[in-house]
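Reading the structure
Listed below are the residues making up each chain.
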Amino acid sequence: MATWAVTTSGDRFEFDPADGAYNSCAKIDDTHFINFWSGISSDGFTQVFTINTSTWAITTAAERLEFDTQQATDNSCSQIDTNHFINFWGDVDGDGKVQVFTINTSTWVVTTANSTLEFDTSTGILNSCCKIDTNHFINFWRGLDQDGKAQVFTVNTTTWAVTTANTLLEFEGVDDAYNSCVQMDANHFVNFWQDSAGDGRCQVFTVNTTTWAITTTTVLEFDTQNGAFPSCCKLDDTHLINFWLGGATTTDGRCQVFTVNTTTWAITTSGAVKVFDTDVGSYNSCVKIDNNHVLNYWQGLDGDGFTQTFEINTTTWAVTTVSSQLEFETTDCLYNSCFQIDSSHYVNCWLGASADGFTQVFSVELPALGPANLKTYNTNPKSNIKTINTNPIANVKTLDTNV
């Protein structure tokens, strides 16, 4: 199989036969993950799933929890510790809610850890949250009058109650949609969003870890035509990549690397825009493989689901595709949410055929660990290695069964 090719591992699992929208999933451990989604009648559900690392089949680990009996859109979850997760969502009135959930790691049952906090009584949709430290989280959302809001939240790790840590920041005063945030260091975060003209914007947000106030730097308008469905991930301490739906009359799938100046905290583009899908590129969900490879899931032609590996040149910061597209869903694919299991396996949850909820494991073919790719062996730099198991390095064709 070609290096960096993406394949399915194990059969897809239909986790909700009624609906599976607004997915937000996260890893618990090497064989378990949690997903939050909007199910039947748009109610909010969460459940733990088990991954069989021999067959890569996914099964339910325990019964689902219905955490909102009316509506739960735009879920965004984050791990607090080994068995606690926080989730932000929009309720039936469009208000913003947040709550902590506890996982029993023996039975894998999910329960609510404390009451819900209604953090926005007007509007609280299109959420995107990040963990700051052990008990603080930042969330970006569309609030009153469709403006962009950001705020830090505190989790009491004794009672598991959620409170606001400081006043909210209105970072977009006209229109905000499709937030996607990522942490760059201990107190700096980048958020991508679509503005009132449909353009793509991004900005660095600084969190004061004493007062928990949020401040901003200059906005970068990275797409003057469209910036919908962004999904970003960090590459290194000063670079990140974003995938989005671009174009004015077209709806191309686009991606690009961005550089953060850690003195001024300004954002600039690095390398040209890569058009990875000339038909459609919506509902993006990307995840880092290594420092210069990223996996993305998206909705492409005819609404079908696609995934592919992307390579970043860390000198020019150009983005290229290094594998063929895998069409993993031939009927419909919305609300992708993915995460990494191990170095070569990934999980994606999505809304598929008949608007049902699906999840599946995907495998990325990594480069072989032969001498050409060897950087160190038993902590020794490659330049110091003359022999392996008494064999001259020039004669070694395979290493640990890898060609």
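Above this text you will find the structure in question.
Now for a look at the structure at hand. The structure displayed is predicted, hence computed values, not measured ones.

A sheet is described by the order of its strands in space; here four strands give the open sequence β1-β33-β32-β31, paired in antiparallel fashion. A single partner strand is all that each edge strand has here, and the edge strands are β1 (6-16) and β31 (334-342). Between one strand axis and the next, the sheet turns through 20° on average, direction left out of account. Sheet topology note: the β1/strand β33 (residues 357-364) ladder contains seven bridges and is antiparallel.

Glancing now at the nonpolar core. Counting residues in hydrophobic clusters, the biggest one holds 16 residues, and the most contacted among them are Ile-34 and Ile-103. Taken together, the elements giving at least two residues each to this core come down to β2 (21-29), β3 (32-38), β6 (65-68), β8 (84-90) and β9 (96-103).

Once that is clear, we can look at the pattern of salt bridges. Tallied over the entire structure, the rule returns ten salt bridges. One salt bridge connects Asp-30 with Lys-27, and the closest N-O pair in it is separated by 3.0 Å. Ionic contacts of the salt-bridge type, sharing partners, join the residues Asp-223, Asp-252 and Arg-254 into one network.

What follows concerns the pairing of strand β19 (residues 200-207). Counting buried residues along β19, seven of its eight residues qualify, which places the element largely inside the surrounding structure. In this sheet, β19 lies alongside strand β18 (residues 188-194) in antiparallel orientation, the contact comprising seven bridges. When the sheet's bridge partners are listed, Val-190 is paired in β19 with Val-204. Counting the residues that bridge the hairpin from β18 to β19 gives five residues, and of these Gly-198 lies at a positive phi of roughly 85°. Here three bridges tie β19 to strand β21 (residues 220-223), and the two strands are oriented antiparallel to one another. Counted as the bridge partner of Gly-200 is Asp-223 from β21. In the sheet, β19 pairs with strand β20 (residues 214-216) via three bridges, with the strands oriented antiparallel.

Turning our eyes to something else, we now look at the side chain of Ser-344. Position of Ser-344 among the secondary structure elements: in the loop between β31 and β32 (345-351). Only 3.2 Å separates the side chain of Ser-344 from the side chain of His-345, close enough to count as a polar contact. Residue contacts for Ser-344: discarding those within four places in its chain leaves Phe-362, Ser-363, Val-364 and Leu-366.

On to unusual backbone geometry. A positive phi angle, near 75°, is found at Trp-4, a position not held by glycine. For Trp-4, the location among the structural elements is in the segment before β1. The class for Trp-4 is buried, based on a relative accessible area of 9%. You will see that Tyr-22, though not glycine, has its phi angle at about 55°, which is positive. With respect to the element layout, Tyr-22 can be found in strand β2.

Once that is clear, we can look at the packing of aromatic side chains. Counting across every chain of the model gives 39 aromatic pairs. Judged by centre distance (5.1 Å) and plane angle (65°), the ring pair of Phe-36 and Phe-101 falls under edge-to-face. Taken together, the residues span a long stretch of sequence, with Phe-36 in strand β3 and Phe-101 in strand β9 at a distance of 65 residues. For the pair shown, Phe-36 and Phe-101 are each scored as buried.

Basis of the calculations
- Each chain has its residues counted from 1, following the order in which its sequence is written.
- Side-chain atom pairs in this predicted model are given and counted only at pLDDT of 80 or more, local residue features only at pLDDT of at least 70, and totals for whole chains, interfaces and linings cover all residues.
- Derived side-chain values reflect all non-hydrogen atoms in the structure, with water molecules and hydrogen atoms excluded from consideration.
- Pairing between strands requires that DSSP locate at least two bridges from one strand to the other.
- We count a stretch as a helix when DSSP gives it H or I for four or more residues in a row; a strand needs E for two or more, and each element gets its number in order from the N terminus.
- Lines fitted to the C-alpha atoms define the axes, with helices restricted to the stretch that makes contact. Angles between their N-to-C directions range from 0 to 180 degrees.
- Definition used in this section: a nonpolar core is a set of buried Ala, Val, Leu, Ile, Met, Phe, Trp, Tyr and Cys residues joined via side-chain atoms within 4.5 Å.
- For every residue, the accessible area (1.4 Å probe, protein chains only) is compared with the maximum for its type, and the residue is labelled buried under 20%, exposed over 50%, or partly exposed between those bounds.
- A side-chain nitrogen of Lys or Arg and a carboxyl oxygen of Asp or Glu constitute a salt bridge if their distance falls within 4 Å.
- The definition of a polar contact used here is a pair of N or O atoms within 3.5 Å, where within protein one atom must be able to donate a hydrogen and the other to accept one, and adjacent residues in sequence count solely through side-chain atom pairs.
- Residues are treated as being in contact if the distance between any of their heavy atoms lies within 4.5 Å.
- Each aromatic pair joins two rings of Phe, Tyr and Trp (for Trp, the six-membered one) with centres within 6.5 Å, and gets the label stacked for planes under 30 degrees apart, edge-to-face for over 60, and tilted for any other angle.

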